[in-house]
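# Structural overview
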Amino acid sequence: MTDTSLAARGVALDLLRDVLRKSVPFDDAFDAHPELASLQPRDRGFVRLLVATVLRRLGQIDELIQSCLAKPGLPKAAIHDMLRLGTAQLVFLNTPAHAAVDTAVELAAARNAAPYKGLINAVLRRIGREGPAMAEAQDAGRLNTPDWLWLSWRTAYGTARTRGIVEAHLHEAPLDITVKSDPAAWAERLGATLLPTGTLRRPPGGPVTELPGFEEGAWWVQDLAASLPAKLFGPLAGKRVFDLCAAPGGKTAQLVAQGAQVTAIDRSARRLERVTENLKRLHLEAEVLAADAATWEPEEPADAVLLDAPCSATGAVRRHPDILRVKTPDDIAKLARAQGRLLARAVDLVKPGGTLVYCTCSIQPEEGEAQVARLLQQDGRVERWPVAADELGGLSEPINAAGEVRSLPGMLADAGGIDGFFVARLRRRS
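Residues numbered from 1 in each chain as written. Predicted model: local features only at pLDDT ≥ 70, side-chain atom pairs only at ≥ 80, totals over all residues. Heavy atoms only, no water.

## Comments concerning the UniProt feature "domain: SAM-dependent MTase RsmB/NOP-type" (unreviewed entry) in the chain
Condition: UniProt positions are given in the numbering used here, feature names are shortened, and annotations may be inferred rather than shown by experiment. Numbered from the N terminus, helices here are DSSP runs of H or I no shorter than four residues, and strands are runs of E no shorter than two.
The UniProt entry lists residues 137-429 under the feature "domain: SAM-dependent MTase RsmB/NOP-type" (unreviewed entry), expressed in the numbering used here. Structurally, residues 137-429 is divided into 31% helix and 22% strand, and its ends, taken at the C-alpha atoms, are 56 Å apart.

## Considerations on the state of the cysteines
Definition in use: To count as a disulfide, a pair of cysteine sulfur atoms needs to be within 2.5 Å.
Taken as a whole and judged by the stated rule, the model has 0 disulfides. We note that Cys245 lacks a disulfide partner, and the nearest cysteine sulfur, in Cys359, lies 9.5 Å from it. Cys359 takes part in no disulfide bond, and the closest cysteine sulfur, belonging to Cys361, lies 8.3 Å away.

## Brief notes about the pattern of salt bridges
To be explicit about the condition: The term salt bridge refers to a pairing of a side-chain nitrogen on Lys or Arg with a carboxyl oxygen on Asp or Glu at a separation within 4 Å. When accessible area is computed with a 1.4 Å probe and restricted to protein chains, residues below 20% of their type maximum are described as buried, those above 50% as exposed, and intermediate ones as partly exposed.
Within this structure, the stated rule accounts for 32 salt bridges. Notably, a salt bridge pairs Asp62 with Arg84, separated by 2.8 Å at the nearest N-O pair. Here the residue Asp62 occupies a position in helix 4 (residues 58-68), and Arg84 occupies one in helix 5 (residues 77-92), the gap between them amounting to 22 residues. Owing to a relative accessible area of 18%, Asp62 belongs among the buried residues under this scheme. Relative accessible area serves as the criterion here: at 8%, Arg84 is assigned to the buried category. Among the salt bridges present, the one from Arg384 reaches Glu404, with a minimum N-O distance of 3.0 Å.

## Let's talk about the UniProt feature "binding site: S-adenosyl-L-methionine" (unreviewed entry) in the chain
Put simply, the rule reads: It only takes one pair of heavy atoms within 4.5 Å for two residues to be counted as in contact. Polar contact is the term for a pair of N or O atoms within 3.5 Å; when the atoms are in protein, one must be able to donate a hydrogen and the other to accept it, and sequence-neighboring residues count only if both atoms are side-chain atoms.
Here the UniProt-annotated "binding site: S-adenosyl-L-methionine" (unreviewed entry) positions come out as Cys245, Ala246, Ala247, Pro248, Gly249, Gly250, Lys251, Asp266, Asp292 and Asp308. Looking at where Ala246 falls in the secondary structure, it is placed in the loop between strand 5 (240-244) and helix 11 (250-257). Accessibility expressed as a relative area gives 7% for Ala246, which makes it buried. Once residues within four sequence positions are removed from consideration, Ala246 is found in contact with Thr252, Ala264, Ile265, Asp266 and Val275. Relative to the elements of secondary structure, Asp292 occurs in the loop between strand 7 (287-290) and strand 8 (302-308). In terms of polar contacts, Asp292 uses its side chain to reach the backbone amide nitrogen of Ala294, at 2.9 Å.

Here's what the structure looks like:
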């Protein structure tokens, strides 16, 4: 095994520890790892793929490891994680058996776990022989989904829809792109499929920054579902729009590209740096302010307000499989309370006759439908403004009976799927 191969797997081991035992979001742990910069781009890509695969397939991997241990009970955490990394390579990444096993054994030696080299070697060799066939017989979607999420989704959407959600989570999401103009021409140039909503879709993988049009600021990466809220305001040219909780800025860019005068608000100055960088690359201009949207006091209300509220992000598991491992029911309750405060405040920030769009990338009803139902019950100043399919390029499947957008992983499967999202459009009464 080369030194770089050992280093890459060592980084992967650290990242797995940070996510699973410290509940650090994977992207944050990845960006902060001190040894990552010294790895070659190919090795960095391998680390990301390897850790994401373990997180995406954790239930299956742990069941395979347990079944191949001579004694019941799992080994201590660091050894367990080494077995997880080896199993992911053997069963899901098609790494040659000798390479996956040898690197795991050498990693144990390098991490002061030499007494466990025999155990790791024996378990992984058996998984290399029997694991792929065993994995075929597993209930993958159910095994990889924490019980509390499975039960909450089954209660909200039924067993069939929940099956669709968890099966969609087994696969990496495609690369979706929003362009400033001329989507048909850019679809051809990028080798992408033009979806009915105007989103361009490419297969996942490869350096995004090397694609045509990135450097010149012609487009930005944005999931199909995330592109929908900013489409629901109608004509925006010359109108004043507040984009609350704006980072990382994809919706801000959409609003500016539609001709709006946008003030982008986020409480995190660090996250707003990314908004500013993205707008600069895209040659778009907006006012960017670090402030708490729940207490911010503008000089006057806006014609329109977009509130993309902080949420559990359970609709984005395809892109962020660590969500399955770091979120808890307590997080949902805490976030729901914050969302309620922000939504109530957002009503104050929109002019009478103006439009308020509320959205989250969560598929928990507490963070979507329940928030809007509560607001409509408590605040007579707003009314629901139902969304029609023709506003979404003819997409009707994600529109619920109330005229809200409720997309779920598993929908639009023939086109490559969609993230889970909730969007409600409200009008402030004149």
